[in-house]
Amino acid sequence: PVVLGIESSCDETGAGLVRDGKLLGHAVASSMDEHARFGGVVPEIAARAHVHAAAPVVHAALADAGLTMRDIGAVAVTTGPGLSGALQVGLAAAKGIAYALDVPLYGVHHLAGHVAADTLEHGPLPDPCMVLIVSGGHTSLLLVRDLARDPIVHLGDTLDDAAGECFDKVARVFGLPYPGGPAVDRAAREGDPGAVPFPRPLTGPRDDPYAFSFSGLKTAAARWAEQHRAAGRALPVADGAASLQEAVADVLTRKAVAACVEHGVGTLVVVGGVAANSRVRALARQRCAAAGVGLRVPPLRLCTDNGAMIAAVGDLLARAGAPAAPLDVSIDPSAPLEYATLHPVARRV
Ligand code: ATP
Ligand code: MG
Ligand code: FE
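Just so you know, these numbers come straight off a predicted model, no measurement behind them. (Residues numbered from 1 in each chain as written. Chains lettered and ligands numbered in written order. Predicted model: local features only at pLDDT ≥ 70, side-chain atom pairs only at ≥ 80, totals over all residues.)

Details of helix α10 (residues 278-291)
In step 1: End to end, α10 covers 20 Å across 14 residues, agreeing with the expected 20 Å (1.5 Å per residue, within 8%).
In step 2: Of the positions making up α10, those classed as buried are Arg279, Val280, Leu283, Ala284, Arg287 and Cys288. Summarising the axial view, the buried residues of α10 lie within an arc of 145°, below the 170-degree limit, and thus occupy one face. Opposite its buried face, α10 presents the exposed residues Ala282 and Ala289, each directed more than 90 degrees away. (Helix = DSSP H or I, 4+ residues; strand = E, 2+ residues; numbered from the N terminus. Expected span 1.5 Å × (residues − 1). Buried ≥ 20, exposed ≤ 12 C-beta atoms within 10 Å, placed from the backbone. Arc of directions from axis to C-beta.)

Written out as structure tokens, the structure reads:
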């Protein structure tokens, strides 16, 4: 069937259409600009923006695919994790469409969506593969087998801030615009990545190889900026941005590649908003090549939140014969990632 995917967990309202692993069309609206003056996403503003954007975005995705409502054969929607008000809006829209068309509804885990985004560009994921999820709210290493059927093995997470959160917060201290990640990436182009010796947290021989920590790095960057200001010197923002980006990319790629080698896994998949970072992409490519590990990274437009990635999971679930969600399914703002759907029944035996 043609699967409509709806994403509304944060500040992007996304809709996408996928059939048999192929992206047919998609559209995204963002309330990012409405949050800029607050320096971060305001949940109530995000929820209200989803109410306004949901129907137009679904219609824009259909137009992009050259399809109409009647072509939709299943609906997939992010049920968590995310902001509860924002999730509620997408789920209500998805239920309405599924009920009106009398088609199955699939509740999808947002992070499984980030993982599946890559399949729309590069085809089915190899089994097994190592996944590094790096986004605004998560930094995790996952061992993924069949996304639609098998439990996901969580190897490790950040102990404090996510990598994207670190970029966003340090950007603010550096006086860069919101959202911080893309701004740091741009500023870093003119800077020297070796200018400031920022720490590489949890990379020592006694540290947990699968855990990450970015709050110390954030503090180090803030202290560096503060020292310049206290001394009345202009802040060399480009050097700070390049050095911060280098530290984050170094830690992420070093640990991810080591995890592949340790588990004998031949493919690393890097997904989530921070996978859009130019240095993360370049260093991952370099280190994977050196270690003989294959690398997959989705195209930029599929790295940040979108509906196509949710449709991609729905398509995998539908083709695997996974059970549909009941129409009274609820959101789960802090859903743990064990399965791509909250309703796992089909398991590998
Ligand atoms: P989660 O997926 O964990 O719920 P989210 O949905 O808010 O969080 P994404 O949309 O996947 O996160 O990614 C947004 C994050 O990606 C932000 O922190 C943003 O700063 C970061 N980001 C986007 N582009 C870049 C870039 N080029 N360099 C670094 N970070 C980036
Ligand atoms: Mg966002
Ligand atoms: Fe996300």
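Having seen the model, we can carry on.
Section: the sheet that holds strand β5 (residues 105-109)
In step 1: Ordered in space as β3-β2-β1-β4-β5, the five strands form an open sheet in which the pairing is mixed. Strands with a single pairing partner mark the edges of an open sheet, and in this sheet they are β3 (22-30) and β5. When the angles between neighbouring strand axes are averaged without regard to direction, this sheet yields 20°.
In step 2: Pairing of strand β1 (residues 2-7) with strand β4 (residues 72-80) involves five bridges; the strand directions are parallel. Note that in β4 the partner of valine 2 across the bridge is isoleucine 72.
In step 3: The sheet strands contacting helix α3 (residues 84-101) are β1, β4 and β5, and the helix crosses β4 at an angle near 160°. (Pairing = 2+ DSSP bridges. Axes fitted to C-alpha atoms, helices over the stretch in contact; angles between N-to-C directions. Contact = placed C-beta atoms within 7 Å.)

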